Amino acid sequence: MREALTAAASRRVARPAPLRQAVYDALIELIISGSLQPGQHLVEAELAQHLGVSRQPVREALQRLHTDGWVDLRPAQGAFVHSPTEEEAAQLLSVRAVLETHSAQLAAQNAEPEDVEHLWTLHQEGVDALAGGDAERLVAANTALHAFITSVAGNAVLADLISQVSRKVRWYYMPIAKPRSKDAWNEHAQLIEAIAEGDADRASEIMRKHTERTGEYRKAIAAGSARR
C-alpha cells in the first residue's frame, strides 16, 4: 500500500511539470524575440490569456524567471522584464568566448567531412537570413551553427556549460544581429574553413576573435543608443 501511494503521489507531482516548463520556455522565447521588451510590466492574467493557460503556471514561471535573471519582481509593483546591464552582457559574453573557443578547437580535431558539409548548409541559412534582413532568423541561424560546432566538439561537459549560457547569448545578440551579421557570417566562413582543414589552433583563434568582436560590437551599439 505504501509503495502504491508513493507511486501515485509521484505521478501527481510530476504531471504539472511539463506545463510549467512549457510556460517558462514560452516566456523566455517572447523575451528573446523582443515581443516582451526590457522593462515591460508582466501581468499574469494577460500572459495566461495569451498562452492559453491558467494564472498558476504563469505565476510559477515568473518566480523561476526571476531566479534565473530574466524577470525582476518589485514589491507592490509586480513583475517586469529584466533590463540587462552592459556589465552583465560583458560577463556572459566573456564566459561564452572561453567556452566556444575551446569548442572550435575540439571541432577542428573531430570534424568529419559530413560535419563540414552540414556546417556549410547552416552557414547558407545565415547568409539567406542576412539577405532577407530577418533578425530573428539570423539569431536562430547563428545559434544553430554554434550549437552544431559544439556537437562536433564531442565534449558533453562543455556542451552542457554552453547550453546554460546560450539562451541569454541569443537575447543579448538580438539587438546587434542585423548590423553585426555581415562581418559575423564572414567570420563563420573562415571558421568553417579552419575546421575543414583540421587546423585547431586557427579555428580557436578565429572563434576567440569572433566572440570578442560580438561583445565589443554590442557595447558600441549600447553606447550609441545611450547618447541619442
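Just so it is clear, the structure is predicted and the values come from calculations on it, not from any experiment.

Draft legend 1. The packing of helix α6 (residues 113-132) against helix α7 (residues 135-153), seen in detail. Contact pair α6 / α7: the axes reach a minimum separation of 8 Å and the direction vectors enclose 165°. Classified by the angle their axes make, α6 and α7 are roughly antiparallel. The element α6 and its partner α7 pack so that their crossing is left-handed. Contact with α6, carried on its side by Asp-115, His-118, Leu-119, Leu-122, His-123, Glu-125, Gly-126, Asp-128, Ala-129 and Leu-130, involves Arg-137, Leu-138, Ala-141, Ala-144, Leu-145, Phe-148, Ile-149 and Val-152 of α7 and no other residues of that element. When grouped by side-chain class, the residues that make up the contact of α6 with α7 number eleven nonpolar, three polar and four charged.

Draft legend 2. Region of the structure containing the confidence of the model for the protein. Looking at the protein as a whole, its pLDDT mean stands at 87, while 87% of the residues score no less than 70. Low pLDDT, under 50, characterises residues 1-15; the stretch is placed with zero contacts to residues that sit more than four places away or in other chains. The model gives residues 224-228 a pLDDT under 50, and that stretch makes zero contacts with residues more than four places away or in other chains.

Draft legend 3. Spatial organisation of unusual backbone geometry. Of note in the backbone geometry, Ala-76 takes a positive phi value of approximately 65° without being a glycine. Looking at the secondary structure, you find Ala-76 in the loop between β2 (71-74) and β3 (78-81). Looking at Ala-76, the relative accessible area reads 91%, which means it is exposed.

Reading guide: rules and limits
- Residues numbered from 1 in each chain as written.
- Predicted model: local features only at pLDDT ≥ 70, side-chain atom pairs only at ≥ 80, totals over all residues.
- Heavy atoms only, no water.
- Axes fitted to C-alpha atoms, helices over the stretch in contact; angles between N-to-C directions.
- Helix = DSSP H or I, 4+ residues; strand = E, 2+ residues; numbered from the N terminus.
- Parallel < 35°, antiparallel > 145°, perpendicular 65-115°, else oblique.
- Left-handed = near helix turned anticlockwise from the far one by under 90°.
- Contact = heavy atoms within 4.5 Å.
- Nonpolar A, V, L, I, M, F, W, Y, C, P; charged D, E, K, R; others polar.
- pLDDT = per-residue confidence, 0-100.
- Buried < 20%, exposed > 50% of the residue type's maximum accessible area, 1.4 Å probe, protein only.

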